[in-house]
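# Examination of the molecular architecture
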Amino acid sequence: MGALRLTNIHKTYANGHQAVRGINIEIEKGEFLVLVGPSGCGKSTLLRTIAGLEAISEGEIHIAGQRVDTEAPAKRDIAMVFQNYALYPHMTVYKNMAYGLHNRGVDKQTIDQKVKHAAGLLKLTDYLHRKPSQLSGGQRQRVAMGRAIVRDPQAFLFDEPLSNLDAKLRVQMRNEIKTLQRSLGTTSVYVTHDQTEAMTLADRLAVVNAGVIEQMGSPMEIYERPQTVFVAGFIGSPAMNFLTGRLHNGRLEIGELSIVLQQPPRFDGEVIVGLRPEHLYRQAEHAFSLPFQIEVLEPLGADTLVWGHVSGVQETVVARLSRAYPADAPRTLTLYFNEAELHLFDAATEQRLS
Amino acid sequence: MLLKRVHFSGSPIPYIFIVPQLLIIAVFFFWPACQAVYLSFMLEDPWGLSSTFVWFENYQVLFSSAEYLSTTLFTLVYCALVVFFSLGLALLLAVKANSVIHGQSAYRLLLTWVYAVAPAVAGITAYFLFNRHIGVLFQWITQTGWAFAPETNAFDASVMLVLVSVWKQVPVNFVFFLAGLQGISKSLREAAQLDCASGFRRFWTITFPLLAPTAFFLMVINITYAFFDTFGLIDTLTQGRPGGATTTMVYKVFQDGFLGADLGLSSAQSVVLMVLVLLLTVFQFLFVERRVHY
Ligand SMILES: Nc1ncnc2c1ncn2[C@@H]1O[C@H](COP(=O)(O)OP(=O)(O)OP(=O)(O)O)[C@@H](O)[C@H]1O
Ligand SMILES: [Mg+2]
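Residues numbered from 1 in each chain as written. Chains lettered and ligands numbered in written order. Predicted model: local features only at pLDDT ≥ 70, side-chain atom pairs only at ≥ 80, totals over all residues. Heavy atoms only, no water.

What follows deals with the domain arrangement of chain A. Residues and elements named next belong to chain A. Assigned domains of chain A: these are domain 1 (4-227) and domain 2 (238-346). Residue-level contacts link five residues of domain 1 with six residues of domain 2. In this assembly, domain 1 packs against domain 2 so that about 370 Å² is buried in total across both faces, 52% of it on carbon and sulfur atoms. There are zero salt bridges connecting domain 1 and domain 2. Applying the counting rule to domain 1 against domain 2 returns two residue pairs in polar contact (both at pLDDT 80 or more). Tallied by class, the residues present in the side of domain 1 that touches domain 2 amount to three nonpolar, one polar and one charged. (Domains from an automatic or database assignment. Contact = heavy atoms within 4.5 Å. Buried area = accessible area lost by both parts, 1.4 Å probe. Salt bridge = Lys/Arg side-chain N within 4 Å of Asp/Glu carboxyl O. Polar contact = N/O pair within 3.5 Å; in protein donor to acceptor, adjacent residues only side chain to side chain. Nonpolar A, V, L, I, M, F, W, Y, C, P; charged D, E, K, R; others polar.)

This part takes up the interface of chain B and chain A. On the side of chain A, 24 residues touch chain B, which itself brings 18 residues to the contact. Here chain B meets chain A over a buried area of about 1900 Å², counting both sides, of which 60% is carbon and sulfur. Linking chain B to chain A there are two salt bridges. Among the salt bridges present, the one from Arg151 of chain A reaches Asp195 of chain B, with a minimum N-O distance of 3.6 Å. There are 12 residue pairs in polar contact (both at pLDDT 80 or more) connecting chain B and chain A. For the side of chain B that touches chain A, the secondary-structure elements that each account for two or more residues are α8 (186-195) and α9 (199-229) of chain B. Ranked by the residues each element gives to the side of chain B that touches chain A, the list is headed by α8 of chain B, at nine residues. (Helix = DSSP H or I, 4+ residues; strand = E, 2+ residues; numbered from the N terminus.)

This part covers the nonpolar core. Among the nonpolar cores identified, the biggest contains 92 residues, and Leu35 of chain A together with Phe177 of chain B are the most heavily contacted of them. Counting 43 residues, the second largest nonpolar core, distinct from the first, contains Met97, Leu124, Leu180 and Val231 of chain A. (Core = buried A, V, L, I, M, F, W, Y, C linked by side-chain atoms within 4.5 Å. Buried < 20%, exposed > 50% of the residue type's maximum accessible area, 1.4 Å probe, protein only.)

As a further point, take the site of ligand 1. Residue and element names in this part refer to chain A. Taken together, 13 residues form the shell around ligand 1, and within it Ser39, Gly40, Lys43, Ser44 and Thr45 come nearest. One of the side-chain N or O atoms of Lys43 is found 2.6 Å from an oxygen atom in ligand 1. Residue Thr45 places a side-chain N or O atom 2.5 Å away from an oxygen atom belonging to ligand 1. If ligand 1 stood free it would expose 640 Å²; the protein chains cover 63% of that surface. Per-element accounting of the shell around ligand 1 gives the leading share, three residues, to helix α1 (residues 43-51). (Near = heavy atom within 4 Å. Areas by Shrake-Rupley, 256 points an atom, 1.4 Å probe, with all protein chains shown as cover.)

On to the pattern of salt bridges, then. Across all of its chains, the model carries 18 salt bridges over all chains by this definition. Salt-bridge contacts for Arg48 of chain A lead to Glu190 of chain B; the nearest nitrogen and oxygen are separated by 2.7 Å. Of this pair, Arg48 of chain A sits in helix α1 while Glu190 of chain B is found in helix α8, placing the two residues in two different chains. Between Arg320 of chain A and Asp303 of chain A there is a salt bridge, with its nearest N and O atoms 2.9 Å apart. Here Asp303 of chain A lies in strand β16 (residues 303-310) and Arg320 of chain A lies in strand β17 (residues 317-322), a separation of 17 residues in the sequence. Overall, Arg320 of chain A belongs to the partly exposed group, its relative accessible area being 25%. Via salt bridges that share partners, Lys11, Arg48 and Glu54 of chain A together with Lys186 and Glu190 of chain B belong to a single interconnected network.

We now examine the environment of Thr238 of chain B. Residues and elements named next belong to chain B. Summarising the element assignment, Thr238 is placed in the loop between α10 (231-237) and α11 (249-259). Filtering out sequence-adjacent residues up to four positions away, Thr238 remains in contact with Met160, Leu233 and Thr246. Among the polar contacts made by the side chain of Thr238, one reaches the side chain of Thr246 at a distance of 2.9 Å.

What follows is about the confidence of the model for chain B. Residue and element names in this part refer to chain B. In this model, chain B carries a mean pLDDT of 85, and residues with pLDDT of at least 70 account for 94%. Least confident of the elements in chain B is strand β2 (residues 51-53), whose mean pLDDT is 76; most confident is α8, at 93. Across the interfaces of the predicted complex, the ipTM metric reaches 0.85, alongside a pTM of 0.83. (pLDDT = per-residue confidence, 0-100.)

The next subject is the pairing of strand β12 (residues 251-254) of chain A. Residues and elements named next belong to chain A. Only one face of β12 is buried, namely the one carrying Leu252 and Ile254, since none of Arg251 and Glu253 on the opposite face is buried. Here strand β11 (residues 241-248) pairs with β12 via three bridges, running antiparallel. Bridging across to β12, His248 finds its partner in Arg251. Where β11 folds back onto β12 in an antiparallel hairpin, the turn is made up of two residues, including Asn249, whose phi is positive at roughly 50 degrees. Bridge analysis of β12 against strand β13 (residues 257-260) gives four bridges, and the strand direction is antiparallel. Counted as the bridge partner of Leu252 is Ile259 from β13. (Pairing = 2+ DSSP bridges.)

This is the structure in structure tokens:
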């Protein structure tokens, strides 16, 4: 029995907008599930229905085997960390953390012990008597975490908790959240639209699009075998290249290119060919080659992004080449790729052909 | 904490900017205030032909007058009741209106527009509502079996006055409280919902403390209102009747000075009021501006 089970969740807002359209998830105890998807896809809505801040229109929510979807938020034994932290401005850090326990009738000594313990974990011991307005963004974030930890809930819910922090702090807090969650072993659901955050934090990743889950699996599974064109394009940066092509009797035609596949899917007709920028190489040891016309170079330091065109193909193609690429080097280039790293999708259904 | 003060060093420009304001204060406040203090030491004959300097005689008369004592007591009780009920009621209405999802603007409009009614007009409206022959409220009250007689019964008259004063002041408080409530972020309220199951308790531990600055500010505003701005209501509703039982300190200044033509005594009362305002201002600076801050 999972720690958190969502069965056929639907959420239709009062204005008729269907934000969540039939979501089923079962989360194991201690698992870290990340919901990722574009803006407006309904990930916050889903999280808020778990918390009880939005009522669901249809479906069932079970937390630790208990059906909770009609319970008040405070009765669901979950804790949530908000994007803007939502700390109580008139209370000290200590009181912010103690408030939830106090309202649950926990005795003063236990509260004191739990708050001090959490403050120790989060390096907040010196700030317990400050008000939130006297803290930095990162410290506020920690207090918000502390407020969740002291409650020792069945599940943590995070709604983009790091998006108000600067890039460096974000990476640091990301690691801290992960370490903390591991050591506490608390089931967590984490919403983000940042795919790096999603990939690094998740035990399991759910890619949400327009209110439904497109694919769920471990980050590497999703990266290596995206089931739909949407998932393939959403996970990975820069996004996967998509080229239109035709598959006929195991022969793949892309523009002027025609290659014979070793392990062709059983399919004839229009296909979308996906190829990640990092899977285009300059070394000739890879099986197939592409003539490539360079248009723009984007040096990233360790890598260079090379934007350009393949003859006979309309779509712009980007390749991620390791090391710097000299700006005065020739503007045409041959790039190589492998069959194993090609992703083929049915052009009509946008589903993976395997 | 942020340093709120801006420092100008040695430049006369800021002083030039505040000259118009200072002139207005001097002409309309300082000069009349000095006049009042001056007059409070004089005994003037009713025709204004002669006046004699009498030191503190006006104050002695004032403070030994049983009538002034009862006026003061009435004013304090009246003020406390008006402040308490108009703040309480406005807070309740604001909380309710803030949780209404559909047609919130209709509620807001309905609850706010009394604010636009001038005190004297409000007084006359109330006069009709409480009229013995045509008053709707009068009918309702008598139907409950209460022999309501504001013309002769001091308690009934006070009830009527408090009721009308509260009615007139609730909209102002409502607007401020509603604005205060809407300033509390949604996620803060949601965080509280996760931390505390009881809505009542949430209100007193989260919402109310966050509204405290607004409430303090409004309390000062309401005290000023109950003391000074209710003049129009009293003048149209009771004129201090029955037998001076609904006379506030400000209304008594008018009665003694303009109707009784005792300028010295009336001025002494004005000076007492000025001291009260001064104390209120000090109180505001000490508590509202300093303490209620996070
Ligand atoms: N109270 C509401 N009433 C009506 N529609 C709403 C309401 N809240 C959200 N929506 C709509 O529901 C959809 C999903 O919203 P949601 O907040 O879940 O998006 P999200 O995936 O969290 O996006 P983001 O990454 O921008 O936070 C959006 O199209 C939004 O416009
Ligand atoms: Mg969101």
